[in-house]
Amino acid sequence: MKKINLKKRNLRINCLYNNRRIIHLQCTEKGVIKFRIYGELLTYETYEKTNIIQLMNYIRFISKIDLNYYRKPQTGHYVYVLNNKKYNTPIITNIVNNLIIFSFLFLIILYYLNLTNFNILFLGQYTITYYTQIGKILILIIAIFCLLNFNNYLKNNKINNYEYLILIQISILSICLLLNTNDLLHYYVVIELQSLCFYAITALKKNNIYSSEAALKYFILGSVISGLLLLGIALLYGITGLTNLKELSLFLLTVKYNKLIIFSFILIYISLLFKLTVVPFNFWAADVYEGTPSVITLFFNSVPKLSLLTILIKFLNIVFFNFIEIWQILMIINILLSLILATFNAFKQYKIKRFLIFSSMTHIGYILLGITTGTIEGIQSIFVYFIIYIISIINIWSIYIYFNNKIKYISDLTYIYKYNKTLGLSFIITMFSMAGVPPMAGFLAKFYSFFVCIENNFYLLAIIGALLSIICLFYYIRFLKIIYFENSNKFLILNTNLSKNTAIVISLTSILLIYIFINPSSIFIIAHKIALSLCI
């Protein structure tokens, strides 16, 4: 911070806690006093001789830190002591985060031991099957990878509010409940619980205007979509008198081309595509995700997607299967728009974060290719692609989160190779997997999706998808050129080392992207079992 030399005599106050500067103050006997609290620059104006006691009281009021000071008799210097409970007690963010991770590991073991259980509870409104159990295991594993990144992110950004971790835990609870729920009203209540947590989590950085703006946009648009979802459910209940999905599917087999039923279906369909950020209902995603802290963007892009995909499959392939001629046309239009618009929008991006956001929209389009077929093989291809996609984005976002906005633009990637060659290699492996280049797992996912489309006579989708995949190679290979072949005289300097948690996540996901291509049988078996369990 620049000195304010209004007088020759300057007063400096530095308060440290765990080697971290909490307050850094510089002032003069007269004039403007500038100081930093938690890194934020504040100003205190005075026009008379500065009274140190008054100044300390002002700092106590602004920062909510109780500062006591005493004078050393030997030197005559003032020593300032922190007496606030907030800093005299250990910061429990890491403790809460680790407890949540261990609780998720315990739940994974329990779900694995009860993998083959089948139960119908509460008159068919709550079901326990193979896909619900394996789905919860996948969600909890993804959540653990996200929380490992979250721990390091909170520490580096000096965010000591553990309430956000509790909100993440509640949102994961709601995501798991979505898998078990078999009733429209329960779907709405659980989705709203999840959405409310997401609105609050988006504003993780309360003092950041972009984070607050993203939370406000997400809240307003999410509220409108929630209204559409509720209206669609209400219309469907008003016509049929049913909310249970199994009873609805049996009833709708006897009804065809009822205008109100089709209208209610369209409302529910739009609300689900909005949550999945499918074009043209993705207009909110780029601005909201860019303003959101990177670790929360990773969470939004990975954890809730599985439950939302499961709901969409249930609605299309089970409940509204009798309307397949209608929703197939709608789905083909949305998939083509997602593939074309998101691919060409990604070309225009010069920020890494926005590029990754549009890239994820493209991959959602590829994931949904299998749903148009209306077959078990199509549903299997969805889950095969989804698992590989999740591994890729966890890897790429973990690398981006580690650099903590030091690398913001695509041109800044020249620093990675000089800073850490292993990270550069991992970055390229993931990019090649997302592009669908063998021998990476992404090639396997795209090949199987196109194969299922061709097998069910959806030649146009397969051809357009393959052509756009070739076009995508251009901007994915561009990362190889920037990292390895472009020279830069600048060097990247980071204040933190690569933590063990982040290193484990990056290395494990990089290895999996190659291993799955060599031995994909386990992924295909799990996806096939999920598809069978979901359709029975």
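Placed above this text is the structure.
About the cut-offs
- Position labels on residues start from 1 in each chain and follow its written sequence.
- Owing to the predicted nature of the model, reporting of local features is limited to residues with pLDDT of at least 70; listing and counting of side-chain atom pairs is limited to 80 or more, with chain, interface and lining totals taken over all residues.
- The basis for the side-chain values is all heavy atoms of the structure; hydrogens and waters are excluded.
- Criterion for a salt bridge: a side-chain nitrogen of Lys or Arg within 4 Å of a carboxyl oxygen of Asp or Glu.
- For the purposes of this entry, the term helix denotes a DSSP run of H or I that reaches at least four residues, the term strand denotes a run of E that reaches at least two, and both are numbered from the N terminus.
- Only protein chains enter the calculation, and the probe is 1.4 Å; a residue is then buried if its accessible area is under 20% of its type maximum, exposed if over 50%, and partly exposed in between.
- As used in this record, nonpolar core signifies buried Ala, Val, Leu, Ile, Met, Phe, Trp, Tyr and Cys residues forming a set joined through side-chain atoms within 4.5 Å.
- Residues are treated as being in contact if the distance between any of their heavy atoms lies within 4.5 Å.
- Helix span is expected to be 1.5 Å times the residue number reduced by one.
- In protein, a polar contact requires one atom able to donate a hydrogen and another able to accept it; more generally it is a pair of N or O atoms within 3.5 Å, and residues adjacent in sequence count only if both atoms are side-chain atoms.
- Buried and open spaces are told apart on a 1 Å grid over the protein atoms alone, a cavity being a set of points where a 1.4 Å probe fits but cannot get out and a pocket being an open set with protein on both sides within 12 Å along at least five of seven lines. Residues with an atom within 4 Å of a point are the lining residues.
- Grid points are joined across faces, edges and corners, and a volume is the space filled by probe spheres set on the points.
- Throughout, the ten residues Ala, Val, Leu, Ile, Met, Phe, Trp, Tyr, Cys and Pro are labelled nonpolar, Asp, Glu, Lys and Arg are labelled charged, and all others, Gly among them, are labelled polar.
- His is not counted here, nor are the chain ends, while Lys and Arg score as positive and Asp and Glu score as negative.
- Patch membership is restricted to residues that have no salt bridge and whose relative accessible area is over 30%. Joining uses 9 Å for like charges and 5 Å for the nonpolar side chains Val, Leu, Ile, Met, Phe, Trp and Tyr.
- In these tables, accessible area is a Shrake-Rupley quantity obtained with a 1.4 Å probe, and a residue counts as shielded only by the protein chains included in the view.
- Classification of ring pairs uses Phe, Tyr and Trp, with its six-membered ring standing for Trp, and accepts pairs whose centres are within 6.5 Å; under 30 degrees between planes counts as stacked, over 60 as edge-to-face, and the remaining range as tilted.
- Only lysine NZ and arginine CZ atoms are considered, and such an atom sits over a ring when it is within 6 Å of the ring centre and within 35 degrees of the ring normal.

For the rest of this paragraph, the subject is the pattern of salt bridges. What the rule picks out here adds up to five salt bridges. When the shortest N-O distance is used, the salt bridge between Asp287 and Lys217 registers 3.8 Å. Highlighted residues: Asp287 in helix H10 (residues 285–291) and Lys217 in helix H7 (residues 209–240), separated in sequence by 70 residues. Note on Asp287: relative accessible area 35%, which makes it partly exposed. Residue classification places Lys217 among the partly exposed positions, given a relative accessible area of 31%. With a shortest N-O distance of 2.8 Å, Arg354 and Glu290 are connected by a salt bridge. Of the two residues, Arg354 sits in helix H14 (residues 352–367) while Glu290 sits in helix H10, which places them 64 residues apart along the sequence. Taken together, the salt bridges that share partners define one network made up of Glu213, Lys217, Asp287, Glu290, Lys351 and Arg354.

Ile172, Leu312, Phe320 and Leu413 are the most contacted members of the largest nonpolar core, which totals 170 residues. The biggest single contributor to this core is helix H15 (residues 376–403), with 20 residues. Setting aside anything within four residues of it in sequence, one finds Leu312 in contact with Tyr269, Leu272, Leu273, Leu276, Met331, Leu368 and Ile371.

Let us now look at helix H9 (residues 259–275). With 17 residues, H9 extends 25 Å from end C-alpha to end C-alpha; this agrees with the ideal 24 Å at 1.5 Å per step. Where burial is concerned, most of H9 is hidden: 13 out of the 17 residues are buried. Two to three positions downstream of the cap, the backbone nitrogen of Leu260 sits 3.0 Å from a side-chain oxygen, assigning the N-cap of H9 to Asn258. Looking at the residues trailing H9, positive phi occurs at Thr277, about 55°.

Inspection of every chain in the model, using the stated rule, returns seven cavities of 30 Å³ or more. The volume enclosed by the largest cavity comes to roughly 100 Å³. Forming the walls of the largest cavity are Gln194, Ser195, Phe198, Tyr218, Lys275, Trp284, Tyr289, Phe300, Pro304, Lys305 and Leu308. For the lining of the largest cavity, the elements supplying multiple residues, two or more each, are helix H6 (184–202) and helix H12 (305–319). With three residues, the top contributor of residues to the lining of the largest cavity is H6. Considered class by class, the residues forming the lining of the largest cavity number seven nonpolar, two polar and two charged. When its volume is computed, the second largest cavity comes out at roughly 70 Å³. Residue lining of the second largest cavity: His363, Tyr385, Ile388, Tyr389, Ser392, Ser433, Met434, Gly442 and Lys446, and that is the complete set. Sorting the residues of the lining of the second largest cavity by element identifies H15, helix H17 (421–435) and helix H18 (441–455) as the ones contributing at least two each. Here the lining of the second largest cavity takes four residues from H15, the largest share from any one element.

Right, let's get into the side chain of Lys446. Its place among the elements puts Lys446 in helix H18. Despite its burial, Lys446 remains without a salt bridge, the nearest opposite charge being carried by Glu455 at 20 Å. For Lys446, the side chain forms a polar contact with the side chain of Ser469, separated by 3.2 Å. Residues in contact with Lys446, not counting those within four places in the same chain, are His363, Tyr366, Tyr385, Met434, Ala435, Gly436 and Ser469.

Another aspect to go through is the environment of Ser398. Relative to the helices and strands, Ser398 is located in helix H15. A sequence separation of 249 residues divides Ser398 from Asn149, and the C-alpha atoms of the two residues are 6.5 Å apart. Dropping the residues within four chain positions of it, Ser398 is found in contact with Asn149, Thr502, Val505 and Ile506. There is a polar contact of 2.8 Å between the side chain of Ser398 and the side chain of Asn149.

What follows deals with H12. End to end, H12 covers 20 Å across 15 residues, agreeing with the expected 21 Å (1.5 Å per residue, within 8%). Within H12, 14 of the 15 residues are buried, which leaves it mostly tucked inside the rest of the structure.

Once that is clear, we can look at a nonpolar patch on the surface. There is a patch of nonpolar side chains on the surface, built from Ile92, Ile95, Leu99, Tyr162, Ile166, Ile170 and Leu193 and spanning about 550 Å² of accessible area. Every element with two or more residues in the nonpolar patch is listed here: helix H3 (93–113) and helix H5 (163–180). Among the structural elements, Ile92 can be located in the loop between helix H2 (85–88) and H3. On the basis of relative accessible area, Ile92 is assigned to the partly exposed category, the value being 33%.

Our focus in this paragraph is the packing of aromatic side chains. What the rule picks out here adds up to 33 aromatic pairs. Three or more aromatic residues joined by ring pairs form one cluster here, namely Phe198, Tyr199, Tyr218, Phe219, Phe274, Phe283, Trp284, Tyr289, Phe299 and Phe300. Between the NZ or CZ atom of Lys446 and the centre of the ring of Tyr366, over which it lies, the distance is 4.7 Å.

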